[in-house]
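Here is how the chains run, residue by residue.
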Amino acid sequence: MDTQFNTPLFTALVKHAENNPIQFHIPGHKKGNGMAPEFREFIGDNALSIDLINIGPLDDLHLPKGIIKQSQTLAAKAFGADYTFFSVQGTSGAIMAMIMSVCEPGDKILVPRNVHKSIMSAIVFSGAIPIFIHPEVDSSFGISHGITPDSIDRALKLHPDTKAVLVINPTYYGVSGDLRKIVNIAHSRGIPVLVDEAHGAHIHFHHDLPLSAMEAGADLAATSVHKLGGSLTQSSILNLRGKLVSPKRVQSVLSMLTTTSTSYLLLASLDVARKSLATEGQALLEETIRKADLTRLRINKIDHLYCMGKEVLDSSAAVSMDPTKLLISVKELGITGYHVEKWLRHRFNIEVELSDLYNILCIITPGDSQDDLETLLHALTELSKEYKHLVNKDIDSSVLLPEIPSLAVTPRDAFYSETEVIPFEESVGRIIAEFVMVYPPGIPIFIPGEIITQENLVYTQKNIEAGLPVQGAEDVELKQLRVIKEHLAIK
C-alpha cells in the first residue's frame, strides 16, 4: 500500500538509471557523455542519469498510467485534493491551464487587480472578460491584500453570468482573505473558485499558516511547490476537488499547453518534495516559523525599519498571514526598496526575493540557517546606521499605488487588434494593446484593452526612475507604447 513515505517516481527513475540501459533516445547528451565536460562535472552524473524522457517504463505526463499517476495520487492525498496534476512549466503554466479549463471566449471571470501576469495571459488566450475586483490596499506598506467576500457578493449580483471566481491565496506578501467565505458565496451560485496559490505550497502542512485552497473548498488551485515546498525551479502542481470542474478537461488543456519533452528531474523533485511536506512538514515549518518570528521581532528593534506582522489582520481581506514572509518597510530611511536590494547585494552578498518603492521582501524556509538570518540582521542594522542621516521627521510617508483603468475592449481583442506605436507621454486616453507591469511581483499597471490614464503613466514613470523592473511592453525603455490604431475621419 502506498504511503506518504514512498516516492514511486523518484525511486523508479533511480532504479532505471542503476540498470544503465543503452539509450538510443533523446536527450542527446546520453547520460552526460555527449555534453561539455565542464557542465557535466558541475551538474553531476547522478542528475544527468535521470534526465530522461517518457519511454515506456517511465510513464507519460500527458497520459499518466504508471509511476507518474501513482506520484500524483499521493500528492492529491497530501494536499487534500481529489486530483493533482504535475506541471513542468511552473505555476504560470498551471494557472493558464486552470483558467482555460473553465473559461471560453466571452466568459466573465472575477479577478483581483493584483493578479500575476500569467493570469492575464490566460485571459488573453481564453478570450475571457475580466471583471476586476479592487483588493484592499495597505497604505502603510503600499501593497495590496486580498479581496473581501462582500466585494465578491456584490460583483456576482452585478454579473450573475460569471463563469469563475479567481482568488489569490495567500498574496505574494503572505496575507490571506476569508477564502472559505468566498468559496461559499461562489458555490451557492454554482460558480467554481480558482486559486492562485503560488505562494502557498507549504500552508496546508501547518496549522498556524493560512487556510489552503483545498481546505477552504476551492475547486482548482495552482500551487508553486518550487517556491516554498522544496522542489526544483519550474516544478508546480494543479490541485482539483469537487464536481464543478471536469478533471478530464483539465488534463486535456494541460496537455495542450505542456511540452512533450517533460523533465523527469522536475517531476522527481515534486515527488520527493511532496514526501517531505507530508511526513515532515509540520516539524520543519514549526522551526521555520519560530526563526522567522524571532527575526521579525529583532528587525523591529532596528531604527527606521519595520517588518510587517499580524497587526495588518484587521479586515475580511486580511484574516491570516504567513509569518515566514518578512516584508520590511524601508521608506522611513528616505530610500527605495530597490536601492536597499542593490546595497545588500554589493555590501553583504545578500539577495532578496523582491523590492519595490517602499519595501524589501525576504522569504524564510527550512533551507535557511540561523547564521544566514544573523547576517541579514547585521546587514539591516548597518543599513539603518548608514542612511539615518536621510531620515526626516516630516517625511512624506504617503504611498502611490496604481488605479484600475477602465476596460474598453477584451484583452484578447486588444492584443490581436490593428495597432500602432506612439510616444509614452502622448498615450493618455488611448487603448493599450500590450502589458505594462513591475516584475517581480508581476502585477499589471496596464493590460491590453484598458484606457491609459495620466495617473498610471506617472506611477509607471516613478517606478522606472527608481530603477525598478518595469516590463511587458515591446519597447523596453518605455519611451513608446503600443495602442489600438485609431482610424480618423478623412478631411
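Residues numbered from 1 in each chain as written. Predicted model: local features only at pLDDT ≥ 70, side-chain atom pairs only at ≥ 80, totals over all residues. Heavy atoms only, no water.

Caption draft 1: Main features of a nonpolar patch on the surface. Together, Phe39, Phe42 and Ile43 make up an exposed nonpolar region whose accessible area comes to about 350 Å². The topology assignment puts Phe39 in helix H2 (residues 37–43). Owing to a relative accessible area of 43%, Phe39 belongs among the partly exposed residues under this scheme. (Patch = residues over 30% accessible without salt bridge, like charges linked within 9 Å, V, L, I, M, F, W, Y side chains within 5 Å. Areas by Shrake-Rupley, 256 points an atom, 1.4 Å probe, with all protein chains shown as cover. Salt bridge = Lys/Arg side-chain N within 4 Å of Asp/Glu carboxyl O. Helix = DSSP H or I, 4+ residues; strand = E, 2+ residues; numbered from the N terminus. Buried < 20%, exposed > 50% of the residue type's maximum accessible area, 1.4 Å probe, protein only.)

Caption draft 2: Region of the structure containing the pattern of salt bridges. With the rule as written, the count across this model stands at 19 salt bridges. A salt bridge links Asp45 to Arg40, with the shortest nitrogen-to-oxygen separation between them at 2.8 Å. Judged by relative accessible area, which is 42%, Asp45 ranks as partly exposed. A salt bridge links Lys479 to Glu477; the nearest nitrogen and oxygen atoms lie 3.3 Å apart. Per residue, the accessibility class of Lys479 equals that of Glu477, and both read exposed. Overlapping salt bridges, with partners in common, bring together Asp153, Lys157 and Arg189 in one network.

Caption draft 3: Quick peek at empty space enclosed by the protein. A full pass over the atoms with the stated rule returns five cavities of 30 Å³ or more. Quantified by volume, the largest cavity comes out at close to 70 Å³. Leu61, His62, Gln72, Phe85, Phe86, Gln251, Leu254, Ser255 and Thr258 together form the lining of the largest cavity. Sort the elements by how many residues they give to the lining of the largest cavity and helix H10 (residues 247–257) lands first, with three residues. Looking at the lining of the largest cavity, its residues break down into four nonpolar, five polar and no charged. (1 Å grid on protein atoms, 1.4 Å probe; cavity = no way out; pocket = protein on both sides within 12 Å on 5 of 7 lines; lining within 4 Å. Points joined across faces, edges and corners; volume = space filled by probe spheres on them. Nonpolar A, V, L, I, M, F, W, Y, C, P; charged D, E, K, R; others polar.)

Caption draft 4: The arrangement of the packing of aromatic side chains in detail. Per the counting criterion, the structure on display carries six aromatic pairs. Residues Phe79 and Phe205 carry aromatic rings whose centres are separated by 5.1 Å and whose planes lie at 85° to one another, so their mutual orientation is edge-to-face. With Phe79 in helix H4 (residues 67–79) and Phe205 in the loop between strand E8 (193–197) and strand E9 (220–223), this residue pair connects regions lying 126 residues apart in the sequence. As far as the burial class goes, Phe79 and Phe205 line up, both buried. Ring centres of Trp343 and Phe348 lie 5.6 Å apart, and the angle between their planes is 45°; this geometry places the pair in the tilted category. Classification of Trp343 by relative accessible area gives buried; the value is 7%. (Phe/Tyr/Trp six-rings, centres within 6.5 Å; stacked < 30°, edge-to-face > 60°.)

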